[in-house]
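Here is what each chain is made of, one letter per residue.
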Amino acid sequence: MSFTDVLRIAGQYHVKTAPPFIPGGEAAGQIIELGTGVTGFTVGDRVLCGGGFAEETVQPAASLIKLPENISFEAAAAFRSNYTTALYALQRARLQPGETLLVHGAAGGVGLATVDVGKLMGARVIATARNPERLEICMRLGADHVIDYSSGFRDQVLSLTGGRGADVIFDPVGGDVFDESMRAIAPFGRILIVGFTSGRPAVAKTNHLLVKDAEVVGFTIGALNRLDPERARRNLDVLVGWLGAGRISPYHSHALPLAQAAEALRLIVERKVIGKALLV
Ligand SMILES: NC(=O)c1ccc[n+]([C@@H]2O[C@H](COP(=O)([O-])OP(=O)(O)OC[C@H]3O[C@@H](n4cnc5c(N)ncnc54)[C@H](OP(=O)(O)O)[C@@H]3O)[C@@H](O)[C@H]2O)c1
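About the criteria used
- Residues numbered from 1 in each chain as written.
- Predicted model: local features only at pLDDT ≥ 70, side-chain atom pairs only at ≥ 80, totals over all residues.
- Heavy atoms only, no water.
- Buried < 20%, exposed > 50% of the residue type's maximum accessible area, 1.4 Å probe, protein only.
- Helix = DSSP H or I, 4+ residues; strand = E, 2+ residues; numbered from the N terminus.
- Arc of directions from axis to C-beta.
- Contact = heavy atoms within 4.5 Å.
- Phe/Tyr/Trp six-rings, centres within 6.5 Å; stacked < 30°, edge-to-face > 60°.
- Near = heavy atom within 4 Å.
- Polar contact = N/O pair within 3.5 Å; in protein donor to acceptor, adjacent residues only side chain to side chain.
- Areas by Shrake-Rupley, 256 points an atom, 1.4 Å probe, with all protein chains shown as cover.
- Pairing = 2+ DSSP bridges.
- Salt bridge = Lys/Arg side-chain N within 4 Å of Asp/Glu carboxyl O.
- Axes fitted to C-alpha atoms, helices over the stretch in contact; angles between N-to-C directions.

(A) Highlighting helix 11 (residues 261–269). Three or more residues of helix 11 are buried, namely Ala261, Ala264, Leu265, Leu267 and Ile268. In an axial view of helix 11, the angular spread of the buried residues amounts to 155°, which keeps them on one side of the axis. Along helix 11, the residues that are exposed and aim more than 90 degrees away from the buried face are Ala262 and Val269. Looking at the packing, one finds that the buried side of helix 11 touches helix 1 (3–9), strand 10 (252–256) and strand 11 (276–279). The first or second residue beyond helix 11 is Arg271, which carries a positive phi of 60°.

Below, the structure written as structure tokens:
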């Protein structure tokens, strides 16, 4: 489960779902039954799939991905939406090896995945989060530098980059964090608009963009899945390959039984989850 589930249930997500509905967008599990005419799968196969807060789900065969044997259901269920978002975001930002990548909300689901993928793509990663425990996990996933951004981050980013700023900024927080990011971005920098966990979308000042030769890049993984499913599938195949080869490390701080789904959502809202919260 993720912050997006929180928004969807609260009716605050940009794609509205009329209640009643079963929340949740991704799962991993075992096939227990096949529809008529389905080929390429057998009962017992371990797969990544869509689905919700449920013990059983009916999913189109075309949407299933077979899991490598060495991947646990927990790792798989903590993986798909966060890592596809991270990879697509960094592609949209045209991240180059050696560039400095600043990841905000880096202990959160998409943030931590972006630290992981950013390192794999050869970036120097600066991660921001709110307390030492969260920053420690960011270091474990490979961040080169961590900053507690509770009282700001601009000066530290400038000091770490010799006054230049970050080439790519991944921002799932918005609000004040976006505003300060505009003062910590390098010339020709790209800032990715991922979400607004602060509760406030920021207004990008075009005069700042002009003087920095900077770009603001908005994106949603949902649009990629809908409008360019072939590219989405290619990215997912790459990520499943990395996962099977142990090159990326999906992280979850909590795994709760389905009956405690409401508690898990509360933990997300209270910013207590690191990486992902799972229902098992
Ligand atoms: N564009 C896309 O395609 C896409 C895809 C997936 C998700 N998203 C969006 O990205 C955002 C993050 O998703 P996520 O799953 O990573 O969420 P998450 O796991 O809850 O992480 C979000 C992080 O934001 C930080 N944060 C800062 N201010 C916050 C506040 N006022 N309330 C809550 N958190 C705050 C928290 O870190 P600290 O406590 O350490 O500050 C938290 O770890 C959401 O808005 C989601 O809808 C967008």
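Back to the write-up after that little detour.
(B) Broad picture of the packing of aromatic side chains. Enumeration according to the criterion identifies two aromatic pairs in this entry. On the basis of an interplanar angle of 80° and a centroid distance of 5.7 Å, the ring pair of Tyr88 and Phe219 is categorised as edge-to-face. Here Phe219 lies in the loop between strand 9 (215–218) and helix 9 (221–227) and Tyr88 lies in helix 3 (residues 80–92), a separation of 131 residues in the sequence. In this pair, the class of Tyr88 matches that of Phe219, namely buried.

(C) Summary view of the site of the ligand. Around the ligand sit 25 residues in total, of which Gly109, Arg130, Arg134, Tyr149 and Ile221 are the nearest. Within the contact set of the ligand, an oxygen atom lies 2.8 Å away from a backbone nitrogen or oxygen of Gly109. Measuring from an oxygen atom of the ligand, one finds a backbone N or O atom of Val110 at 2.9 Å. About the coverage of the ligand: the protein hides 89% of its 910 Å² of free accessible area. At three residues, helix 1 tops the list of elements feeding residues into the shell around the ligand.

(D) Layout of the sheet that holds strand 1 (residues 27–30). The strand order across the open sheet formed by three strands is 1-2-3, and the pairing between neighbours is antiparallel. Edge positions in the sheet fall to strand 1 and strand 3 (65–66), since each has one partner strand and no second. Relative to strand 2 (residues 46–49), strand 1 runs antiparallel, the two sharing four bridges. Across the sheet, Gln30 pairs through a bridge with Arg46, a residue of strand 2.

(E) Summary view of the pattern of salt bridges. Counted by the stated rule, this structure contains 14 salt bridges. Connected via shared salt-bridge partners are Glu263, Arg266, Glu270 and Lys272.

(F) Region of interest: the sheet that holds strand 8 (residues 185–193). The parallel open sheet is built from six strands, whose spatial order is 6-5-4-7-8-9. Across the chains shown, the open sheet's two edge strands, defined by having one partner strand only, are strand 6 (145–148) and strand 9. Neighbour-to-neighbour, the strand axes of this sheet turn through a mean angle of 20°, independent of strand direction. Two strands pair when backbone bridges link them, and strand 4 (residues 100–103) and strand 5 (residues 124–129) are joined in this way by four bridges, in the parallel orientation. Paired with Leu101 across the two strands is Val125, which belongs to strand 5.

(G) A look at the side chain of Glu99. Tracing the backbone through its elements, the reader meets Glu99 in the loop between helix 3 and strand 4. A distance of 2.7 Å separates the side chain of Glu99 from the side chain of Arg190, its partner in a polar contact. Look past the residues within four positions of Glu99 in its chain and what remains in contact with it is Arg94, Ala123, Arg124, Asp167, Val168 and Arg190.

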